[in-house]
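Chain residues, written in single-letter form:
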Amino acid sequence: ETGVTQTPRHLVMGMTNKKSLKCEQHLGHNAMYWYKQSAKKPLELMFVYNFKEQTENNSVPSRFSPECPNSSHLFLHLHTLQPEDSALYLCASSLNRDSPLHFGNGTRLTVT
Amino acid sequence: GESVGLHLPTLSVQEGDNSIINCAYSNSASDYFIWYKQESGKGPQFIIDIRSNMDKRQGQRVTVLLNKTVKHLSLQIAATQPGDSAVYFCAELNKWNTGNQFYFGTGTSLTVIP
């Protein structure tokens, strides 16, 4: 148990579908993150929320839309994705912006 | 931006031997480093960290060494076990005006041979 829970674990979606990834942490952390993990590439930071405010958007296409309703929950809304968006999407949280990241087990996304 | 890299993409060791995984970083201003372990089907898991005011830190069966002169980080695993088989990442903390951000290497895949 990592303390960070992601659902679903696996998701297959067509390019015209709309789906959402969910992340939940009850570690009392103030910062939450979305990362994309592709084969043979470093982890790519997508979005950062600190005290529910989005502080970074690393040039992520608008077909990815994050939402942070409170400090314990983070969503990633997906629509009209491309096959190259297939990857493992990891959620993480940290106490503050210079504390270690605690990762969930990810959502394996396949876009067909 | 800054990058973190690993010298070897794969490493195979015999069970019971010691393992050494290396990492090079390029930002001399980085002052905090973390090693993560990622097992198949799981997210990265924190192993050990070190700040730049130290050159060595030990945990349970793991030791991290930091050489700031050559900007090199290593993870040593003593008496490697089959459960140590995983991908290992180093991460460095960069501090920007917009906020702090961890940068990760591509990872080294460790295989332990029984």
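Computed from a predicted structure; not experimentally measured. (Residues numbered from 1 in each chain as written. Chains lettered and ligands numbered in written order. Predicted model: local features only at pLDDT ≥ 70, side-chain atom pairs only at ≥ 80, totals over all residues. Heavy atoms only, no water.)

Another aspect to go through is the nonpolar core. A:Trp34, A:Phe64, A:Leu76 and A:Leu78 are the most contacted members of the largest nonpolar core, which has 22 residues in total. Contributions of two or more residues to this core are made by strand E2 (10-13), strand E3 (18-25), strand E4 (31-37), strand E5 (44-50), strand E7 (64-70), strand E8 (73-79), strand E9 (87-94) and strand E11 (107-111) of chain A. Contacts of A:Leu76, omitting those with residues within four sequence positions, involve A:Lys19, A:Ser20, A:Leu21, A:Trp34, A:Met46, A:Phe47, A:Phe64, A:Ser65, A:Pro66 and A:Tyr89. Counting 20 residues, the second-largest nonpolar core is a separate cluster that includes B:Cys23, B:Ile48, B:Ile50 and B:Leu75. (Core = buried A, V, L, I, M, F, W, Y, C linked by side-chain atoms within 4.5 Å. Buried < 20%, exposed > 50% of the residue type's maximum accessible area, 1.4 Å probe, protein only. Helix = DSSP H or I, 4+ residues; strand = E, 2+ residues; numbered from the N terminus. Contact = heavy atoms within 4.5 Å.)

Now for the packing of aromatic side chains. In total, this model carries ten aromatic pairs over all chains according to the counting rule given. Summarising the aromatic geometry, the rings of A:Tyr35 and A:Phe103 are spaced 5.7 Å apart at their centres and angled 55° between planes, so their arrangement reads as tilted. Note that A:Tyr35 is positioned in strand E4 and A:Phe103 in strand E10 (residues 102-103), a separation of 68 residues in sequence. According to the relative accessible area criterion, A:Tyr35 is buried, its value standing at 1%. Ring geometry for A:Phe64 and A:Tyr89: centres 5.8 Å apart, planes at 35°, overall tilted. Placement of the pair is A:Phe64 in strand E7 and A:Tyr89 in strand E9, with a sequence separation of 25 residues. For the pair formed by A:Phe64 and A:Tyr89, the shared burial category is buried. Among the aromatic side chains, those forming a connected cluster through ring pairs are A:Tyr33, A:Tyr35, A:Phe103, B:Tyr36, B:Phe46 and B:Phe104. Positioned above the aromatic ring of B:Tyr32, the side-chain terminus of B:Arg51 is 3.9 Å from the ring centre. (Phe/Tyr/Trp six-rings, centres within 6.5 Å; stacked < 30°, edge-to-face > 60°. Lys NZ or Arg CZ within 6 Å of the ring centre and 35° of its normal.)

What follows is about the side chain of A:Ser93. All names here are of chain A. Mapped onto the elements, Ser93 comes out in strand E9. Judged by its relative accessible area of 0%, Ser93 falls in the buried class. Of the polar contacts made by the side chain of Ser93, one reaches the side chain of His29; its length is 2.8 Å. Sequence-distant contacts of Ser93, defined by excluding residues within four places in its chain, comprise Val4, Gln25, Leu27, His29, Ala31, Met32, Tyr33, Pro100, Leu101 and His102. (Polar contact = N/O pair within 3.5 Å; in protein donor to acceptor, adjacent residues only side chain to side chain.)

Residues and elements named next belong to chain A. Taken in spatial order, the four strands make up an open sheet running E1-E3-E8-E7, and their pairing is antiparallel. The open sheet has two edge strands with one neighbour each: strand E1 (4-7) and E7. Each strand of the sheet is rotated relative to its neighbour by a mean of 20°, with strand direction disregarded. Where E7 lies against E8, five bridges are found, and the strand directions are antiparallel. (Pairing = 2+ DSSP bridges. Axes fitted to C-alpha atoms, helices over the stretch in contact; angles between N-to-C directions.)

The share of residues in chain A with pLDDT of 70 or more is 98%, and the mean pLDDT across the chain is 93. Mean pLDDT per element in chain A: strand E6 (residues 53-57) of chain A is the minimum at 78, and E1(A) is the maximum at 98. (pLDDT = per-residue confidence, 0-100.)

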